[in-house]
Amino acid sequence: MLRTLTLSKPLAATLTKMGPRAMSTNTIVPQVQDVPNSKLGGRYTVTLIPGDGIGQETASAVKTIFKAAKVPVDWEQFDVSGYTSADDLTFKQSVESLRRNKVGLKGILYTPVSSLGHSSFNVTIRKDLDMYASLVLCKNIPGYPTRHENVDFAVIRENTEGEYSGLEHQSYPGVVESLKVITRTKSERIARFAFDFALRNNRKKVTCIHKANIMKLADGLFLNTCREVAKEYASSGIKFDDMIVDNASMQLVSRPQQFDVMVMPNLYGNIVSNVGAGLVGGPGIVPGCNIGREFAVFEPGCRHVGKDIQGRNSANPCAMILSSVMMLRHLGLDDYANRIANAVSKTILSGAAKTPDMGGSSTTTDFTFAVISNL
């Protein structure tokens, strides 16, 4: 018998605020705990980790826009790098800040490829804070034409196990064993999250992405659990299907309009969300978040640090701004979220400020002030 998760009353009340999906950030994220209490004066304290590469520039854009819009948010900023050791004081302080505030805005942190024994900060905080669901929204934005039109799907990824379990060892020189862990409990949890998300955002279909034809036990368990959960939502009218991950990759680049909500294990989600970002214009415009029972961290959905353009004032801050809009909705600050989302939409639609990735020559600063002028 599968368990049923219940929503808290304050969150359930916010679910009725959902309007038409005019922009990808008008999205309700299922949770099972209350959002943090505001401080005196109705202000919220949020942990800010700008990240590596273009992180400082895009975080600065968000702070500038929030100040101009008089958003009641105070920042606790920690300049952690992906190179930071888990024993580093700043690293520990940033995690404690997230535990205290329960909400964070984060840029992308670089994870060294060749540093043996160096843990990914991104993976560490997801596991330590049990932020089990990654949500990435891939949607065409009016004013930014791409090869495909009418693309609008959500990638929901299990964040805490699978290939990212971190269980690797060398059993013999030249022989490495890496364990992929899939459990029924966590598969059920992410499946239920996907269906709750679909239900609360007027989505019509959930597709499970897997490789159960080869990994019959691990991905077979994930697929079968999703099928069991789907039966509970059949009366709601949400359709369910599944697709093998290699076929899904081809279908994404040939006919992405067929997808609505996609749910999958960890590694597939990382790859599919990057493909999705490429379909709608690149890493500069795709927002995302990591959600758990108690904590939520919002960050760009396509996890590239942009080290090659660091310090050039040419980065597109849209993904970070739209992620912060999702954060405002999470906090119940819908009026501020709507103002900023509409300002971003107007800026892109007008073509007044286009960064190089959008085919223009505007700077990060130009885009930021264009958004402010449209508030």
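Residues numbered from 1 in each chain as written. Predicted model: local features only at pLDDT ≥ 70, side-chain atom pairs only at ≥ 80, totals over all residues. Heavy atoms only, no water.

If you check an unreviewed UniProt entry, the chain appears there as Isocitrate dehydrogenase [NAD] subunit 1, mitochondrial from Entomortierella parvispora. Looking at the chain in UniProt, the text filed under Subunit (unreviewed entry) is "Octamer of two non-identical subunits IDH1 and IDH2." According to its UniProt record, the chain has this under Sequence similarities (unreviewed entry): "Belongs to the isocitrate and isopropylmalate dehydrogenases family." (UniProt positions renumbered as here; feature names shortened; annotations may be inferred.)

Two cysteines form a disulfide when their sulfur atoms are joined by a covalent bond. In this structure the tally under the stated criterion is 0 disulfides. In this model Cys138 remains outside any disulfide bridge; the closest cysteine sulfur is found in Cys302, 8.4 Å from its own. (Disulfide = S-S within 2.5 Å.)

For the pair helix H9 (residues 318-330) and helix H10 (residues 334-350), the least separation of the axes is 8 Å and the interaxial angle reads 155°. In terms of their interaxial angle, H9 and H10 are classed as roughly antiparallel. Two packed elements cross with a definite hand, and for H9 against H10 that hand is left-handed. Contact residues: Cys318, Ile321, Leu322, Val325, Leu328 and Arg329 in H9; Asp334, Tyr336, Ala337, Asn338, Ile340, Ala341, Val344 and Ile348 in H10. Here the contact of H9 with H10 is composed, by residue class, of 11 nonpolar, 1 polar and 2 charged. (Axes fitted to C-alpha atoms, helices over the stretch in contact; angles between N-to-C directions. Helix = DSSP H or I, 4+ residues; strand = E, 2+ residues; numbered from the N terminus. Parallel < 35°, antiparallel > 145°, perpendicular 65-115°, else oblique. Left-handed = near helix turned anticlockwise from the far one by under 90°. Contact = heavy atoms within 4.5 Å. Nonpolar A, V, L, I, M, F, W, Y, C, P; charged D, E, K, R; others polar.)

Attention now goes to the packing of H10 against helix H11 (residues 364-373). The N-to-C vectors of H10 and H11 enclose an angle of 120°; their axes lie 8 Å apart at closest approach. Considering the angle they form, H10 stands oblique to H11. Judged by the sense of rotation from one axis to the other, the crossing of H10 with H11 is right-handed. Taken together, the residues of H11 that come into contact with H10 (itself represented by Ala343, Val344, Thr347 and Ile348) are Phe367, Ala370 and Val371. For the contact of H10 with H11, the class distribution of residues is 6 nonpolar, 1 polar and no charged.

On to the environment of Glu57, then. Looking at where Glu57 falls in the secondary structure, it is placed in helix H2 (residues 55-68). Taking the C-alpha atoms as reference, Glu57 lies 7.4 Å from Thr364; in sequence the two are 307 residues apart. In this structure Glu57 touches Ile309, Gln310, Gly311, Arg312, Asn313, Ser314 and Thr364, once residues within four positions along its chain are discounted. For Glu57, the side chain forms a polar contact with the main-chain nitrogen of Asn313, separated by 3.1 Å. (Polar contact = N/O pair within 3.5 Å; in protein donor to acceptor, adjacent residues only side chain to side chain.)

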